[in-house]
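# Analysis of the macromolecular model
One letter stands for each residue in the lines below.
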Amino acid sequence: MALSAGTRSNGGSANVAQRLQKELMDIMTHPTPGISAFPVDENMTSWAATIDGPADTPYAGLTFKLSMEFATTYPYTAPTVLFKTPIYHPNVDFSGRICLDILKEKWAATMSVSSVLLSLQSLLGEPNNSSPLNGQAAELWDKDMVEYKRLVIARHKNPEELET
Amino acid sequence: MDYNDRVFASVFSVPSVSHTTPTPIATPDLGNAEPGESFGGGLFGGNLGNPQRKVKRNLAWSTATRFLSLPKGNHADTDPSNVENEERPNTAEVQDALEYLLVGDGKPEIFTEDNLLDWFIDEAQLHFATFARSEVEQWWNEEIPLEAAWDTLETTQRLLQHAQNVYLRPLAEHILPLLNDTVEPESRTLPPEYRVSERNNASRRFLSALHGAFVHSLPSQRFSKTLSYVLYDAGLKVFRIPKGKKNKVVANSAHEGSRRRMQDLLQGLDRVGLGGDKAQKSFAHAMDKLLDAFINSHYLRVDWHGKESELESLRMWISKAFIPLIELVNTCLRCHPTSLSAPEIQHWHDAALGRLGRAKVEYLFEYASDYHTSRGVLKTIKEYMKLPNAKQYLTTRFSEHVSRRLLSPGATTTYILDLYMCFIRTFLYLDPKGVLLERVARPIRRYLKEREDTARIIITSMLADAAAENNGKFSSAGDLSVEIATEMQRPITSFEHDVSQGLDWDNMNWQPSPTDAAPDYKQQKGHDIILFVLTLWERDDFINELKNILGDHLLRSQDPEYANEIRLLELIKVRLGDDKLQACEVMLRDVLESKRINSAIRAPIAQMRTPDNRALQAPGGPPRTPQPRQPVASIPSVPGLGTPLPKSSVDMTLNAHIISSFFWPSLRDDHFLIPAEVQNMQRDYESRFTHIKGRQKLQWKNALGDGSVALELDDRTEQFDGLMPWQVSVIYAFQPQPGEEWVGKGKGKGKELGISRNVEQLEEMLEMDEQLVRQALAFWVGKQILREMDHDTFAVIERLTSANMDTEAAAAAQELAEVQAQAQAGSVKSQHDLLQEKKDVYMTFITSMLTNQGNLPVQRIAMMMKIMVAGGFPFGPEEVTILLEELENEGKVIGIGGDIWGIKK
């Protein structure tokens, strides 16, 4: 029993690695400006990603780092995605956790790393204020964009600052 | 001593003829007074007998010594028998004196009185030193030239022998007979000269003292060397070994003569005390050299290639000739025992084998290179390896040879591979366990791995047709290893993976690894030479290379059955396991399947077109790719093309290779237009293919494939096969275009040149690279179909006349075309092309990596690329650095120092 279970999970992670390698190739052959992602090490199941804040949003000109963890059941379950760069956003809490439907109940096996990152990028410009993790941000988004922007800048850190 | 004296002496008892009378007669020796004794008191005291005995003894001594004293002067030339008899009459008086001194009352008291024998020894030594020695020495004062060695020794021996005879004579005649000859009982069993008796002892003492004097008269070093040379020389003659380079064969009679001469000399030397330890040492030295000389002359001559080992004959020589010689010499030198014991004989055998082996190992490199014909030598070496240290010596020497002679830039990879195969065979023969092979092969393997073309040559050779090769078709083409190709022809030996590696407890044939095996030694079941070649690389690297070469090969192969390719795959599968070879199998299946599809598609076409021209092209549907199907089709075109005749319907057929892009290596994909007729056929083919295969679509690869054309010119029709597609396109472009009136058609029968086009036109018409256009043009000029009219303008030669037949230009162009074709040869992309083509993807990889992981060293980047890039990243840090530098120029990344790179902010 133990043996066969082990085999299955090995097979599973091999499939995950294969799938992820393919996604990586897709990203590399069709790079999307403002988005990049790369595995952290050889085993492919944890990635680091970078997205640029979209122009015409309070996040323009800022760069955000994220981490993505893929379970052995990927792509049937969504990856775990966290903002590593502190961000002031209605749908992101202070530890970087994200509230986004496609990362939860609306995940589908047809989605991919790049589609997740694209969704997150657009989330920056179009927060879902109906179910905020950060109530203040949701409120300010509607009421006081100047203050909102100030808080975004204040909270943001450059990648270099993060690493130290 | 005059005659009168002698007469007088014969009558009267005169104690001395020549000397003064001894004192005691005139003045008795009264002895010395003891302290406190009155002078003369002792005369009548207790020791009265003493003075009388002394006097008597003195008298006898004087008489005896006078008699025995040796004649002055050098008597070397005279006959010793004459000397004494005449001058020294053996009178009764003398006889008495001798008896008295030796056995009578005058016998010396130990320690106090002189011994007559001692005196005689002194006398002899003194005499020798005074008279004979200088004569002997004059022979030895200078370096002895080799030619004079025999003479010197023989003369010396004669001189000494003579002296010895002279000295021995008085001893033997006058002293020895008086001595007691009773042999002591315990020594009776010994040979006569070793028995212990008073007489024997005396003569031994005398001889040993005399021989001491002889030995000291000769320079010992020089003497041993000379003797050693003489023995060596005698040995050479006895065994008829040609000396030096003169190769003079000694005549039969001479060799018996030499044996006797040597025997005489040795016995003579032994008699004068020059035998013994010293001579034995020289002898040993000589035998040692003799063994070398014999082996060098008999077993290292040109006959390397005997199929039988020479060992038997060497053994025979040792037992039947060499050992007897030693025994003979031992006899001459009176060694005990004269015959050799079994261990000694074995020792000589081993010594001989060791020498032979070492000598052969020097040439092992050559023997191994010519493995098939060197069986005999290898047997010898195999035997030699049983000796202690032999293996060590062998591997060391061999490796030295290999690294000096083989692993150098001057050796072609093919050559190294060929020899490597030979070495594998040789060493597996020498040491079936493979330990030695592993030791010597390691540097070769390491070196081969570094060469870029190794894998290509191996695989091409495996695919090559060895039979054709033996006919000299490929001969020294340089890119094929004949050895490998031949090896491939052998039946596949059953080959099992020994998975258990000693864990199979039921294996009753299990054997431990040899004691001298390296730690990573793996016991092999059976010996598979090909496997040694296949395991040069990591399996995956090898398979990648295999894919590339196999792809190229399959597209070009003329063999409709693909027998070699199938066989190769099977061979590799058995050895490397089949899990990794899926891609290769798919490739093989693709080409086989293409044949089937071609005939299926052609069936309806055949009714319309005659299958004269053959075009081959290939589209492929990747059956297992989950992506949208994107079959790659390589297309070649075959127009039957008559320049002057704008035939509307040309007889053509189109064959395609349908290959699955996903599994094949990246293929060339030059863009150009192919003749419209062929395009039509492609479309036709496509639709039929879709019909047969459902939704799969074809994508043509026009640069691959080949074509045949028939050119109908005014005065001739030329048929060409195996043309490159672009060559076909270019010549087809010389067809008159619609709307372009071809002048020659109706009236221009007399024209020699047809339509002309220039390079630019062609580039435009065909959307082809200038390089390809020029190459094709050069090809056709070489074939005397086209001619360069003007700079960059070419025209068709409709009629070949002496006027426009510019053979030289054609030859030059042909040469040019060939060179270019070679550069273009592969249908699979080269490493460099591949890097250029994928550069963008790779650069994205690198920037993404640096963006998300921070700064990284080049090594790490290269490693990650190898892991991350699907389909493999066949490059190393050097290429990565090139990419990084390019990115740096674009301002995207920045070198941080060391090998570390980061994203430029």
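Residues numbered from 1 in each chain as written. Chains lettered and ligands numbered in written order. Predicted model: local features only at pLDDT ≥ 70, side-chain atom pairs only at ≥ 80, totals over all residues. Heavy atoms only, no water.

## Details of the overall build of chain B
Looking only at helices and strands, chain B has 33 helices and 10 strands in total. Expressed as a percentage of the 905 residues in chain B, the buried residues total 46%. Only carbon and sulfur atoms are counted for the fraction: they give 51% of the accessible area of chain B, which is about 46000 Å². (Helix = DSSP H or I, 4+ residues; strand = E, 2+ residues; numbered from the N terminus. Buried < 20%, exposed > 50% of the residue type's maximum accessible area, 1.4 Å probe, protein only. Areas by Shrake-Rupley, 256 points an atom, 1.4 Å probe, with all protein chains shown as cover.)

## Notes on the overall build of chain A
When helices and strands are tallied, chain A shows five helices and four strands. A burial count over chain A gives 45% of its 164 residues as buried. When the accessible surface of chain A is totalled, it reaches about 8400 Å², and 56% of it is carbon and sulfur.

## Observations concerning the pattern of salt bridges
One pass over the structure, following the stated rule, counts 22 salt bridges over all chains. Among the ionic pairs, Arg97 of chain A bridges to Asp93 of chain A, the shortest N-O distance being 2.9 Å. Where Arg315 of chain B meets Glu312 of chain B, a salt bridge forms, and the shortest distance between an N and an O atom there is 3.8 Å. A residue pair is termed a helical-turn pair when its members lie 3 or 4 positions apart in one helix, as Arg315 of chain B and Glu312 of chain B do in helix α12 (residues 311-332) at three residues. Where salt bridges share partners, they join Glu312, Arg315, Glu383 and Lys386 of chain B into one cluster. (Salt bridge = Lys/Arg side-chain N within 4 Å of Asp/Glu carboxyl O.)

## What to know about the sheet that holds strand β4 (residues 80-83) of chain A
Residues and elements named next belong to chain A. Judged by pairing direction, the sheet is antiparallel, and its four strands sit side by side in the order β1-β2-β3-β4 without closing on themselves. Here the strands that pair on one side only, and so sit at the sheet edges, are β1 (35-39) and β4. Between one strand axis and the next, the sheet turns by 20° as a mean value, whatever way the strands run. Looking at chain direction, β1 and strand β2 (residues 46-52) are connected through five bridges and run antiparallel. For Ile35, the partnering residue across the bridge sits in β2 and is Ile51. (Pairing = 2+ DSSP bridges. Axes fitted to C-alpha atoms, helices over the stretch in contact; angles between N-to-C directions.)

## Concerning the packing of helix α11 (residues 276-299) of chain B against helix α13 (residues 342-361) of chain B
Residue and element names in this part refer to chain B. Two elements in contact, α11 and α13, have axes separated by 10 Å at closest approach and are oriented at 45°. Considering the angle they form, α11 stands oblique to α13. The crossing of α11 and α13 is right-handed. Residues Met287, Asp288, Leu291, Asp292, Ile295 and Tyr299 of α11 touch α13, and the partners they reach there are Trp348, Ala351, Ala352, Arg355, Leu356 and Lys360. (Parallel < 35°, antiparallel > 145°, perpendicular 65-115°, else oblique. Left-handed = near helix turned anticlockwise from the far one by under 90°. Contact = heavy atoms within 4.5 Å.)

## Re the sheet that holds strand β9 (residues 893-897) of chain B
Residue and element names in this part refer to chain B. An order of β8-β10-β9 is seen for the three strands of this open sheet, with the pairing classed as antiparallel. The sheet is open, and its two edges are formed by β8 (856-857) and β9, each paired on a single side. For β8 and strand β10 (residues 900-903), the ladder comprises two bridges, and the chain directions are antiparallel. What sits directly across from Pro857, in β10, is Ile900. Across the sheet, helix α33 (residues 877-889) is in contact with β9 and β10; its angle to β9 comes to roughly 115°.

## A short note on the side chain of Thr380 of chain B
Residues and elements named next belong to chain B. Among the structural elements, Thr380 can be located in helix α15 (residues 375-384). Here Thr380 falls in the buried class, since its relative accessible area comes to 0%. With near-sequence residues (within four places) excluded, Thr380 lies in contact with Ser309, Glu310, Leu311, Leu353 and Leu356.

## Examining the pairing of strand β4 (residues 717-723) of chain B
Residue and element names in this part refer to chain B. With five bridges joining them, strand β3 (residues 707-712) and β4 adopt antiparallel strand pairing. In the strand pairing of β4, Glu712 is matched with Thr717. Counted between consecutive antiparallel strands, the loop separating β3 from β4 contains four residues.

## Brief notes about helix α29 (residues 770-782) of chain B
Residues and elements named next belong to chain B. Across its 13 residues, α29 extends 18 Å between first and last C-alpha, which sits within 8% of the 18 Å expected from 1.5 Å per residue. Among the 13 residues in α29, 10 count as buried, and that is most of the element. Of all the residues in α29, the buried ones are Leu772, Val773, Gln775, Ala776, Leu777, Ala778, Phe779, Trp780, Val781 and Gly782. A positive backbone phi angle near 60° is found at Gln784, which sits one or two residues after α29. (Expected span 1.5 Å × (residues − 1).)

## Looking at the interface of chain A and chain B
Opposite the 19 residues of chain A that make contact, chain B presents 16 residues. If you sort the residues of chain A by the area they bury against chain B, Met28, Phe38 and Glu42 of chain A come out on top, with a joint share of 36%. At the boundary of chain A and chain B, one finds zero salt bridges. Counting across the chain A and chain B interface gives eight residue pairs in polar contact (both at pLDDT 80 or more). When contributions to the side of chain A that touches chain B are tallied by element, the ones reaching two or more residues are α1 (2-29), β1 and β2 of chain A. Here the side of chain A that touches chain B is built from residues that sort into 11 nonpolar, four polar and four charged. (Buried area = accessible area lost by both parts, 1.4 Å probe. Polar contact = N/O pair within 3.5 Å; in protein donor to acceptor, adjacent residues only side chain to side chain. Nonpolar A, V, L, I, M, F, W, Y, C, P; charged D, E, K, R; others polar.)

## Remarks on helix α32 (residues 858-868) of chain B
Considered for burial, the residues of α32 of chain B that qualify are Val858, Ile861, Ala862, Met864, Met865 and Met868 of chain B. Along the axis of α32 of chain B, the buried residues cluster in a sector spanning 165°; they form a single face. (Arc of directions from axis to C-beta.)

## Details of the packing of α11 of chain B against α12 of chain B
Helix-helix packing is described using two parameters, namely the angle between the two axes and the distance between the axes. Residues and elements named next belong to chain B. With their axes 12 Å apart at the nearest point, α11 and α12 run at an angle of 155° to one another. Relative to α12, the element α11 is oriented roughly antiparallel. The element α11 and its partner α12 pack so that their crossing is right-handed. Across from Phe283, Met287, Leu290, Leu291, Phe294, Ile295 and Tyr299 in α11, the residues of α12 making contact are Ser313, Leu314, Trp317, Ile318, Phe322, Leu325, Ile326, Val329 and Asn330. Looking at side-chain class alone, the contact of α11 with α12 contains 14 nonpolar, two polar and no charged residues.

## Describing the nonpolar core
Grouped together as the largest cluster of nonpolar side chains are 164 residues, with contacts concentrated most on Tyr167, Phe322, Phe423 and Phe427 of chain B. Ranked by size, the runner-up nonpolar core spans 69 residues in total, among them Met68 and Met111 of chain A together with Phe845 and Leu883 of chain B. (Core = buried A, V, L, I, M, F, W, Y, C linked by side-chain atoms within 4.5 Å.)

## Remarks on the packing of aromatic side chains
All names here are of chain B. Evaluated as defined, the whole model comprises 25 aromatic pairs over all chains. Arranged with centres 5.0 Å apart and planes meeting at 70°, the rings of Phe322 and Trp348 form a pair that is edge-to-face. You can see Phe322 sitting in helix α12 and its partner Trp348 sitting in helix α13, a full 26 residues away along the chain. In this structure, Lys289 packs its charged tip against the face of Tyr232, placed 4.9 Å from the ring centre. (Phe/Tyr/Trp six-rings, centres within 6.5 Å; stacked < 30°, edge-to-face > 60°. Lys NZ or Arg CZ within 6 Å of the ring centre and 35° of its normal.)

## Focus on the confidence of the model for chain B
Residues and elements named next belong to chain B. A residue-level look at chain B finds 71% of positions with pLDDT of 70 or above and a mean pLDDT of 72. The secondary-structure element of chain B with the lowest mean pLDDT is strand β1 (residues 632-633), recorded at 42, while β8 shows the highest, at 88. A low-confidence stretch, residues 16-21 (pLDDT under 50), is modelled with nine contacts involving residues beyond four sequence positions or located in other chains. In the model, residues 742-750 has pLDDT below 50 throughout and makes 11 contacts with residues more than four positions away in sequence or in other chains. Interface confidence in the predicted complex, given as ipTM, is 0.85; pTM for the same model is 0.56. (pLDDT = per-residue confidence, 0-100.)

## A few points about unusual backbone geometry
Residues and elements named next belong to chain A. In this structure, the amide linkage connecting Tyr74 to the following residue, Pro75, adopts the cis form with an omega of 5°. Position of Pro75 among the secondary structure elements: in the loop between β3 (63-69) and β4. Of note in this structure, Asp56 is not a glycine but carries a positive phi near 65°. For Asp56, a relative accessible area of 80% corresponds to the exposed category.

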